[in-house]
Amino acid sequence: MDAVLVALSGIWLMLPSLLPNPAAVVFGGGTPVDFGKSWRGKRMLGDGKTWLGLIGGVAAGVSLGIVMLFVAFQFDPEDFWGFESCANGLGVIFVLSLGSLLGDMAGSFVKRRLGIPRGAKAPGLDQYDFLVGSILLVLLVYPDWFIRSFIEGEHILALVTLFVAVPILHKVVNVIGYKMGKKDVPW
Ligand code: CTP
Ligand code: MG
């Protein structure tokens, strides 16, 4: 496969991981996932992680994924543009979407333990927590698919591209969210 296509496949396959966080900003609010509870004197997750954000974010990732599978099927019914089959694609999409927001919550958990307040910057963690969450969960549930698509041979290029592109995308999306008045801070 063409190197550029392999690189781009990393972004394409991970779109269901990239959407849930911005979607959670749009849909979020109300009851926090930790129900306001603290642990060792600090909030478990904080008010920035809500049930509506979690459910809305996963629903958005899965909805996008279903559209992606539908489009991919029209052009490539053999491989669904890397999702391999309808059943594999649906499973992968759900796992990526859920893993994204679980990773985001794990990031907030770590931030609270370090005494970093809700919404304050944690460079590295803020950019990568959701991506690492998606990758770990998909490695657990669909390890062979992940290795085929992101590790084996030239496919490592897909993973490298992803890790380079994600902080840039994160910055762009957060500035847009800030300008739209959806986020209080541009990060
Ligand atoms: N959000 C939500 N529920 C989630 C994730 C995000 O409601 N599960 C919404 C919240 O309004 C949150 C915003 O999306 O404030 C931005 O998300 P994020 O930057 O991840 O949260 P922060 O407010 O920065 O909190 P933290 O410091 O815990 O990351
Ligand atoms: Mg934040």
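Preceding this paragraph is the structure being described.
Keep in mind it's a predicted model, so treat the numbers as computed, not measured. (Residues numbered from 1 in each chain as written. Chains lettered and ligands numbered in written order. Predicted model: local features only at pLDDT ≥ 70, side-chain atom pairs only at ≥ 80, totals over all residues. Heavy atoms only, no water.)

1. Comments concerning the pattern of salt bridges
Within this structure, the stated rule accounts for five salt bridges. Linking Asp47 and Arg43 is a salt bridge whose minimum nitrogen-to-oxygen distance equals 2.9 Å. Looking at Asp47, the relative accessible area reads 42%, which means it is partly exposed. In this structure, Asp126 engages Lys111 in a salt bridge whose closest nitrogen and oxygen atoms are separated by 3.0 Å. Of this pair, Asp126 sits in helix α5 (residues 125-141) while Lys111 sits in helix α4 (residues 86-113), and the two are 15 residues apart along the sequence. Accessibility expressed as a relative area gives 15% for Asp126, which makes it buried. We classify Lys111 as buried; its relative accessible area is 7%. Within this structure, Asp34, Arg43 and Asp47 form a network of salt bridges that share partners. (Salt bridge = Lys/Arg side-chain N within 4 Å of Asp/Glu carboxyl O. Buried < 20%, exposed > 50% of the residue type's maximum accessible area, 1.4 Å probe, protein only. Helix = DSSP H or I, 4+ residues; strand = E, 2+ residues; numbered from the N terminus.)

2. Side note on the site of ligand 1
Around ligand 1, a shell composed of 17 residues is seen, among which Lys49, Thr50, Ser108, Arg112 and Arg118 lie nearest. One of the side-chain nitrogen or oxygen atoms of Ser108 is found 2.7 Å away from an oxygen atom of ligand 1. Of all the cavities here, the one that holds ligand 1 is the largest pocket. Elements with a contribution of two residues or more to the shell around ligand 1: α2 (20-27), α3 (51-75) and α4. Considering each element in turn, the shell around ligand 1 owes the most residues, four residues, to α4. Class assignment of the residues belonging to the shell around ligand 1 gives a composition of four nonpolar, seven polar and six charged. (Near = heavy atom within 4 Å. Polar contact = N/O pair within 3.5 Å; in protein donor to acceptor, adjacent residues only side chain to side chain. 1 Å grid on protein atoms, 1.4 Å probe; cavity = no way out; pocket = protein on both sides within 12 Å on 5 of 7 lines; lining within 4 Å. Sits in = over half its atoms within 2 Å of the grid points. Nonpolar A, V, L, I, M, F, W, Y, C, P; charged D, E, K, R; others polar.)

3. Notes on the packing of aromatic side chains
Considering all chains together, one arrives at ten aromatic pairs under this definition. Judged by centre distance (5.8 Å) and plane angle (40 degrees), the rings of Phe35 and Trp51 are tilted. In this pair, Phe35 sits in the loop between α2 and β1 (38-39) while Trp51 sits in helix α3, placing the two residues 16 residues apart along the sequence. Phe35 gets classed as exposed once you look at its relative accessible area, which sits at 52%. These aromatic residues form a ring-pair network of at least three members: Trp12, Phe75, Trp81, Phe83, Trp145, Phe146 and Phe150. Its end group placed over the ring of Phe109, Arg113 keeps NZ or CZ at 4.7 Å from the ring centre. Taking the ring centre of Trp187 as reference, the NZ or CZ of Lys121 above it sits at 4.6 Å. (Phe/Tyr/Trp six-rings, centres within 6.5 Å; stacked < 30°, edge-to-face > 60°. Lys NZ or Arg CZ within 6 Å of the ring centre and 35° of its normal.)

4. A closer look at the environment of Gly103
Note on placement: Gly103 falls in helix α4. The exposure class assigned to Gly103 is buried, which follows from its relative accessible area of 7%. Sequence separation of Gly103 and Leu137 is 34 residues, and the distance between their C-alpha atoms is 9.1 Å. Apart from residues no more than four positions distant in its own chain, Gly103 is found in contact with Asp129, Phe130 and Gly133. (Contact = heavy atoms within 4.5 Å.)

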